[in-house]
Amino acid sequence: MKELSRSGPDASASLIRVCSQCGIAPAPVRLPFAVGRPDSPPQKREYRVLGIGPRRKRFVQRYRWVWYILWLCRSCGSEPPTERLWNIIQTHPGTQRLVQEGYTETRLGPEFDGAEGDVTITEEPV
């Protein structure tokens with residue numbers, strides 16, 4: 001997993017973060033994860049290769065993702081994701097609330113640099 005740090009002041013910077021996996025403080029590794037669901041049925045998109053030739057069709061589907069942050073110590077943050085980490089994500093209060101609302105998918109997003117609770121929408125091929 002790649003460690004991310006946020007630039008600029010953060011309101012939670014004065015808080016001592018505890019590792020979500022082992023409980024050790026401080027926990028400097030930020031691991032964003034998202035809980036999502038399909039936001040639209042598959043839609044047909046037409047495109048041309050290099051802008052020439054016949055139009056080709058592909059199907060894409062929009063997904064809505066709600067982001068949360070887990071804080072990990074350096075040793076837990078440098079390991080590949082384990083079953084225990086996925087269990088922590090599944091028992092997170094935000095995940096449980098969204099599952100009750102119909103969200104069905106979870107993903108890790110170490111490249112995400114937003115705040116907790118941000119919503120993003122992606123289009124992915126079907």
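It should be noted that the structure appears before, not after, this text.
None of these values were measured; they are calculated from a predicted model.

Caption draft 1: Looking closely at the overall build of the chain. Within the chain one finds three helices and five strands. Ordered by position in the sequence, the α and β elements of the chain form the string β-β-β-α-α-α-β-β. Here the chain holds 126 residues, and the buried ones make up 31% of them. The long-range fraction of contacts in the chain, counting pairs at least 24 apart against all pairs at least 6 apart in sequence, stands at 75%. Summed over its atoms, the accessible surface of the chain is roughly 8000 Å², and 52% of this surface lies on carbon and sulfur atoms.

Caption draft 2: The arrangement of helix 3 (residues 93-100) in detail. Within the sequence span of helix 3, burial applies to G94, T95 and L98. Buried residues of helix 3 fall within an arc of 100° about the axis and therefore sit on the same side. Projecting away from the buried face of helix 3 at angles above 90 degrees are the exposed residues P93 and Q100. Contacts made by the buried residues of helix 3 are with strand 1 (29-38), strand 3 (56-72) and helix 2 (83-91). One or two steps after helix 3, the chain reaches G102, where phi turns positive at roughly 105°.

Cut-offs and rules
Residues numbered from 1 in each chain as written. Predicted model: local features only at pLDDT ≥ 70, side-chain atom pairs only at ≥ 80, totals over all residues. Heavy atoms only, no water. Helix = DSSP H or I, 4+ residues; strand = E, 2+ residues; numbered from the N terminus. Buried < 20%, exposed > 50% of the residue type's maximum accessible area, 1.4 Å probe, protein only. Contact = heavy atoms within 4.5 Å. Areas by Shrake-Rupley, 256 points an atom, 1.4 Å probe, with all protein chains shown as cover. Arc of directions from axis to C-beta.

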